[in-house]
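# Coordinate analysis (summary)
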Number of protein chains: 4
Amino acid sequence: MRFFSDNAAPACPAVMDAIVAANRLTTAYDGDEWSQQLDGAFSDLFETEVKAFWVTTGTAANCLALAAMCPPYGSVLTHKMAHIEQDEAGAPGFFTHGGKLTLLDGEGAKIAPDAVDEAIGRVRKDVHQVQPHALSITNATEYGLSYGADEVAALGDAAKRHGLAFHMDGARFANAVVHTGASPAELTWKAGVDALSFGFIKNGGMSAEALILFDKQLAPSIEVMKKRAGHLSSKGRYAAAQILAMLDGDVWLENARAANRAAATLAAACGDRLNLPVEANEMFVRMTPAEAQRLRDAGFDFYDWGPDEVRLVTCWDQDMDAVETLAQAIRAL
Amino acid sequence: MRFFSDNAAPACPAVMDAIVAANRLTTAYDGDEWSQQLDGAFSDLFETEVKAFWVTTGTAANCLALAAMCPPYGSVLTHKMAHIEQDEAGAPGFFTHGGKLTLLDGEGAKIAPDAVDEAIGRVRKDVHQVQPHALSITNATEYGLSYGADEVAALGDAAKRHGLAFHMDGARFANAVVHTGASPAELTWKAGVDALSFGFIKNGGMSAEALILFDKQLAPSIEVMKKRAGHLSSKGRYAAAQILAMLDGDVWLENARAANRAAATLAAACGDRLNLPVEANEMFVRMTPAEAQRLRDAGFDFYDWGPDEVRLVTCWDQDMDAVETLAQAIRAL
Amino acid sequence: MRFFSDNAAPACPAVMDAIVAANRLTTAYDGDEWSQQLDGAFSDLFETEVKAFWVTTGTAANCLALAAMCPPYGSVLTHKMAHIEQDEAGAPGFFTHGGKLTLLDGEGAKIAPDAVDEAIGRVRKDVHQVQPHALSITNATEYGLSYGADEVAALGDAAKRHGLAFHMDGARFANAVVHTGASPAELTWKAGVDALSFGFIKNGGMSAEALILFDKQLAPSIEVMKKRAGHLSSKGRYAAAQILAMLDGDVWLENARAANRAAATLAAACGDRLNLPVEANEMFVRMTPAEAQRLRDAGFDFYDWGPDEVRLVTCWDQDMDAVETLAQAIRAL
Amino acid sequence: MRFFSDNAAPACPAVMDAIVAANRLTTAYDGDEWSQQLDGAFSDLFETEVKAFWVTTGTAANCLALAAMCPPYGSVLTHKMAHIEQDEAGAPGFFTHGGKLTLLDGEGAKIAPDAVDEAIGRVRKDVHQVQPHALSITNATEYGLSYGADEVAALGDAAKRHGLAFHMDGARFANAVVHTGASPAELTWKAGVDALSFGFIKNGGMSAEALILFDKQLAPSIEVMKKRAGHLSSKGRYAAAQILAMLDGDVWLENARAANRAAATLAAACGDRLNLPVEANEMFVRMTPAEAQRLRDAGFDFYDWGPDEVRLVTCWDQDMDAVETLAQAIRAL
């Protein structure tokens, strides 16, 4: 019974069916009928006209967006625990050609508007210091917190105040939408977000994420950079089809609801052990090595996160029986 | 009846089956059981120990290899019609951080060893001129010619003579193996090739190419650069599984044989109209606009390639009835 | 008696005096009183409001301009013998972060408007091919030819027609102004030039070139990139002072006149031996190795340029006695 | 009476004389007789065979060294107040093609070996996190502290322990040598330093710094990158000559002694007002705005550094009368 990572989960049935259905002769790259539907499908979802690209990884989505927002000599404000800082092998520096990440603090990998103001205040406006050009947040965060629509909007205001473009890494955007109850529009462009990395893979997709541009002026350079970075797959139909399948009938929400529900069950069992509120599908749980071992002996797999801390992640296809069994095992510790 | 591009074809049944079979809980990135088999499977195929990576595009395979071979201040010798020069949006410059392509001439996008010697001879050995660090050829070429094992070996000697690393873009490697009758080993490392972009997608794959390193010293930097370029898919199992499925039972050779056979049938029909020998699955055919229109009116689709020239491409799943019909129609022009 | 290179010559008296005069306490970087005068001095010279930067090398001037004109995924049209292609160690690729040079042909390193049109015509307007963003010419060219005002204007029209920014490498701009008799304005912005690398060092300067922006929108990014490339000297006063000293009283023109005059004397002596017209301070002269040896035995130094070809370069301080002696020696061959 | 910045000071007489003496016909770039002497002169000074380059800015010296030490996908450990982080417009990211700076803490911009160990300990050894490749310290630091030979050696050990190359930014190296009494060798290669940016400009030079390589394997790539970055001046003689003139007769030490002596006099006057010990030529002094205004009214110029803090910098040519006057004025506050 694995609570390791949502990347370990399989693809959901709708995705598999869509790939099989897309397996026929068509046009190469993104000229096919599925790719051509993306803009429309996401424009409907977000209640505004957007430009949408399929990409194969969240890193590509994040860094193509940042490269369009930040010149090589600029910086992006982000949390010091952000995925773009911690887990992308320096990809933002690669795609932006040397742009910096300016690191902010904040509980649970969450950035407060004040932290943005302070970071900007520390930068002299001259050619000697690197000037910030963008702000990037993750929703839900790398520590399983969700920004509500008001919180995003406050950051959007801060971004606007300082002339920063605003990017959201939504590797777990679905979990945040489900948790906050906000609409996709409210959590993004209505709150000032210019580009969203919309994650599908952790949420039951196979090999496609989407990059959504609310600021469509970013599109032309991203289109070229995507090709230039080797991210224009020659048979793009399979990427587009799986995304459309997850939008269709709100599979993406259904999957996230299942993961969040499993997390809530575990969170209730963890009680005081929780180091942070559970607002998505990740739990950071205080636990001695001996306790962790007891759970492992009972057949549960998960990551050690720090001394006396473990991380549990739930997935779209989490077996609720296993969840209940784990919940009881935690209570029994 | 489409003779546009091998990228337009669907994925073959073995690939689709493999993806379905790989759709279960496992480890993320390339820790899964399929990814872990790649080195072994390709080492068997190439009769030597290799390091193999899945990637999602040929551009990524080509440019990761070149970036490991050529410093930012170096150049790569290649044909002026090479895919890396003509059709990758400058990706080699992106991945190498500004490396140049030094362009060579040659009939049918084929490079002769003399052309390498001459290009090297034109470069002063000083800090003012960009020094060549690698040679990249395409086999089969962008114009449907295949290098035989001896020809590759002669280029391998030239590369060694000048201290150049040697890369082969094998987007249609399978077609070249089938046409030349050489073994994969003879066409590559035995002839001095250090890295091969081994194409699967045009040959019936869905979304995975392989990068094969015969010079395993290239591996550590490529492993990092692959992640950094956003090419380490979080559910890599689907890429690895489709490659393994095409190696298994020589599906890759069977598919290429079918495409080459269809091409040979058309080549015979084209006769004197051929601008180049047909040594893979592409034909460049002299044809007036009026003649081309007549074929289109009869239901055949293909690209205009130049004034009075069209390109025909055959695929792994080419319907031989359609091929025969087209052959007759060409003869009847 | 050396006819090697104008880079071998010393700095002229006005420059040395200016450096001594500038040797006092002032403000660092470019806040000093000399640096602050540059915009005004060049605006006067060019009869329009310009933005001017001192830099320490022509390579820096050229590549900062190109980096502001061409995105990493774009290309710059230039002559295949251009200094930026042949002699800058790939600096354009470094400063533009991977931009390409698209190489054009033309006698004497000169580009014709038709060559621009043809090069543009060969590029498909899609994401697969690198799109040209700028045109760069050298005046006087690397082979000692000068573009007249009309010729520059015709290229300026071509640039505009294709949406290209227009850069002039003026390492020997002074020689071209003297030869053509055109005004600095006529040879540049009036003819559509957006940025000029204005050379001083070959023409009697010590360590400063100027980058002149007619399109002042290029200035903000160049200002940052100059610092970022390590080209914002902390005691900039010495660079600015030497440039001002050469503008003052038209020392720059006087120096170029001397060099061109010496070249004309030699050109007359060379007669039919000249491979190209002499329109600046360089001569490319047919000469057998035995003849060249005879001149060397007589005390003249110069470069072999090719088989049976030597290059002679004259400088701002060329001793006219030595020039006459060489002229006679050539006639006597 | 200005106590702003050592960059504001003029060049010292030995430098001016050397430039005048070097003003004659010679060979271009670094082929001249002065440039050719650099390796020998610095090898003598450092009591070991080194490779030495002139460059025009400390930023260029620092970043060429870092680019040879750290791949695009690596990071450099440095202090969060280091010049390369704070005041070079992101130049390390430009020269390394996207390498990161990993920021360490420490009083007075000084790094402790423990801080290196801790930073290394925080990095997972996988492809997801950026791996450190180099350590860069500044001696004297940006806050006027000097590392002694033992302190550098302890950091050199830490660097070796973790496989890091070791760079020293010596913009004020002379001041550190004078303050610590250590030999140049003891402060550098004997303590594990691989490359030193040896500052001359702040210390009475005009336009040349030196980059000294103790690890000579770094030389070939730096030689090319220097050209590629536009830092190979065509008349390099003036740079080399001024460096040689400052080494000759220990002018560089004499100048630094003068600056340090002036600083010591002021430090004594500041007493408890000092926020940090004075170990070079910079003082960070607690002072109310009213007090600072009183000094300014008395004719002294300096920077405000923070709330209730000013920075005073002394130079090689500091007028000791002015220093005494300022010392008295401070005492009188």
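## Description of the overall build of chain A
Secondary structure assignment for chain A yields 13 helices and 10 strands. On C-alpha atoms alone, chain A measures out to a radius of gyration of 20 Å, which is about the 20 Å that the 2.2 N^0.38 rule sets for 333 residues. Relative to its full complement of 333 residues, chain A shows a buried share of 68%. When contacts within chain A are restricted to residue pairs at least 6 apart in sequence, those whose partners lie at least 24 apart make up 75%.

## Some points on the interface of chain C and chain A
Residue-level contacts link 14 residues of chain C with 14 residues of chain A. Interface of chain C and chain A: buried area, both sides summed, is about 1400 Å²; carbon and sulfur atoms make up 71% of it. For the chain C face of the interface with chain A, the top three residues by lost area are Tyr73, Val127 and His128 of chain C, together amounting to 42%. On inspection of chain C and its partner chain A, the count reaches zero salt bridges. Counting every contact that joins chain C to chain A gives six residue pairs in polar contact (both at pLDDT 80 or more). Looking at side-chain class alone, the side of chain C that touches chain A contains seven nonpolar, four polar and three charged residues.

## Observations concerning the environment of Val116 of chain B
All names here are of chain B. Positionally, Val116 belongs in helix α6 (residues 113–121). When its relative accessible area of 0% is taken as the criterion, Val116 is described as buried. As for Val116 and Leu135, which are separated by 19 residues in sequence, their C-alpha atoms are 8.3 Å apart. Every residue in contact with Val116, bar those within four places of it in the chain, is listed here: Leu77, Leu104, Ile111, Leu135, Leu155, Ala158, His162 and Leu164.

## Comments concerning the relation of the copies chain C and chain A
Superposing chain C onto chain A takes a rotation of 180° plus a shift of 0.0 Å along the axis, which leaves an RMSD of 0.0 Å. What the rotation and shift describe, once combined, is the action of a two-fold rotation axis. Residue His97 of chain C, judged by its C-alpha, is the member of chain C lying nearest the rotation axis, at 3.3 Å. Most of the interface of chain C is mirrored in chain A, where 100% of its interface residues again form contacts.

## Concerning the sheet that holds strand β5 (residues 165–170) of chain B
In a beta sheet, neighbouring strands pair by backbone hydrogen bonds and run either parallel or antiparallel. Residues and elements named next belong to chain B. The mixed open sheet is built from seven strands, whose spatial order is β1-β7-β6-β5-β4-β2-β3. Strand pairing shows two members of the sheet lacking a second neighbour, β1 (51–55) and β3 (100–104), which therefore form its edges. Put simply, the sheet's adjacent strands are angled 20° from each other on average, direction ignored. Looking at chain direction, strand β2 (residues 74–79) and β3 are connected through five bridges and run parallel. Bridge assignment links Val76 to a residue of β3, and that residue is Leu101.

## Some points on the packing of aromatic side chains
On inspection of all chains with the given rule, the structure shows 70 aromatic pairs over all chains. Ring centres 6.4 Å apart and planes at 0° place the aromatic pair Phe173 of chain C and Trp252 of chain C in the stacked group. A residue pair is termed long-range when its members are at least 10 positions apart, and Phe173 of chain C in helix α8 (residues 173–180) and Trp252 of chain C in helix α11 (residues 251–270) qualify at 79 residues. Take Trp252 of chain C: its relative accessible area is 1%, and that puts it in the buried class. Ring centres of Phe42 of chain D and Phe200 of chain D lie 6.2 Å apart, and the angle between their planes is 65°; on these two criteria the pair is classed as edge-to-face. Pair noted here: Phe42 of chain D is in helix α2 (residues 38–46) and Phe200 of chain D is in the loop between β6 (195–198) and β7 (209–213), with a separation of 158 residues, a long-range link. The same class applies to Phe42 of chain D and to Phe200 of chain D, which are both buried. By the ring-pair criterion, three or more aromatic residues cluster together here, those being Phe42, Phe46, Phe173, Phe198, Phe200, Phe214 and Trp252 of chain A.

## A look at helix α11 (residues 251–270) of chain B
Note: α-helices contain 3.6 residues per turn, so residues at a spacing of three or four share the same orientation. Compared with the 28 Å implied by 1.5 Å per residue over 20 residues, the 29 Å span of α11 of chain B between its first and last C-alpha is a close match. The element α11 of chain B is largely enclosed, with a buried count of 15 among its 20 residues.

## A few points about the interface of chain A and chain B
Listed as interface residues are 46 residues of chain A and, on the opposing side, 46 residues of chain B. Here chain A packs against chain B, burying approximately 3800 Å² in sum over the two surfaces, 58% of which is carbon and sulfur. It is Phe94, Arg228 and Lys235 of chain A in chain A that bury the most area against chain B; as a group they hold 20% of the surface buried on that side. Counting across the chain A and chain B interface gives zero salt bridges. Secondary structure elements with two or more residues in the side of chain A that touches chain B: α1 (13–21), α3 (58–69), α5 (91–95), α9 (219–228) and α10 (237–247) of chain A.

## Let's talk about the domain arrangement of chain A
Residue and element names in this part refer to chain A. Along its sequence, chain A is organised into domain 1 (12–249) and domain 2 (252–331). The centre of domain 1, based on its C-alpha atoms, is set 27 Å off from the matching centre of domain 2. Contacts between the two partners involve 28 residues from domain 1 and, on the opposite side, 19 residues from domain 2. Buried area between domain 1 and domain 2, both sides added, is near 1900 Å², and the carbon and sulfur share of it is 59%. On the domain 1 side of the contact with domain 2, Tyr143, Asn175 and Val178 bury the most area, a combined 28% of that side's loss. Between Glu282 and Arg172 there is a salt bridge, and its shortest N-O distance comes to 3.4 Å. Taken together, the connections running from domain 1 to domain 2 amount to 12 residue pairs in polar contact (both at pLDDT 80 or more). Sorting the residues of the side of domain 1 that touches domain 2 by element identifies α8 (173–180) and α10 as the ones contributing at least two each. It is α8 that provides the largest number of residues to the side of domain 1 that touches domain 2, a total of six residues.

## Details of the pairing of strand β4 (residues 131–138) of chain D
Residues and elements named next belong to chain D. Burial analysis of β4 places seven of its eight residues in the buried class, the great majority of the element. With four bridges joining them, strand β2 (residues 74–79) and β4 adopt parallel strand pairing. Bridge pairing in β4 places Val76 opposite Ala134. Where β4 and strand β5 (residues 165–170) come together, five bridges link them in parallel fashion. Bridge pairing in β5 places Thr138 opposite Asp169. For the crossover from β4 across helix α7 (residues 149–161) to β5, the handedness is right-handed.

## Topic: the side chain of Glu291 of chain C
Residues and elements named next belong to chain C. Among the secondary structure elements, Glu291 is positioned in helix α12 (residues 289–297). For Glu291, a relative accessible area of 14% corresponds to the buried category. The contact partners of Glu291, leaving out residues within four places of it in the chain, are Arg273 and Leu333.

Conventions we followed
- Residues numbered from 1 in each chain as written.
- Chains lettered and ligands numbered in written order.
- Predicted model: local features only at pLDDT ≥ 70, side-chain atom pairs only at ≥ 80, totals over all residues.
- Heavy atoms only, no water.
- Helix = DSSP H or I, 4+ residues; strand = E, 2+ residues; numbered from the N terminus.
- Rg over C-alpha atoms; globule rule 2.2 N^0.38 Å.
- Buried < 20%, exposed > 50% of the residue type's maximum accessible area, 1.4 Å probe, protein only.
- Contact = heavy atoms within 4.5 Å.
- Buried area = accessible area lost by both parts, 1.4 Å probe.
- Salt bridge = Lys/Arg side-chain N within 4 Å of Asp/Glu carboxyl O.
- Polar contact = N/O pair within 3.5 Å; in protein donor to acceptor, adjacent residues only side chain to side chain.
- Nonpolar A, V, L, I, M, F, W, Y, C, P; charged D, E, K, R; others polar.
- Least-squares fit on C-alpha atoms with pLDDT ≥ 70 in both.
- Pairing = 2+ DSSP bridges.
- Axes fitted to C-alpha atoms, helices over the stretch in contact; angles between N-to-C directions.
- Phe/Tyr/Trp six-rings, centres within 6.5 Å; stacked < 30°, edge-to-face > 60°.
- Expected span 1.5 Å × (residues − 1).
- Domains from an automatic or database assignment.
- Right-handed = clockwise from strand over helix to strand, strands pointing away.

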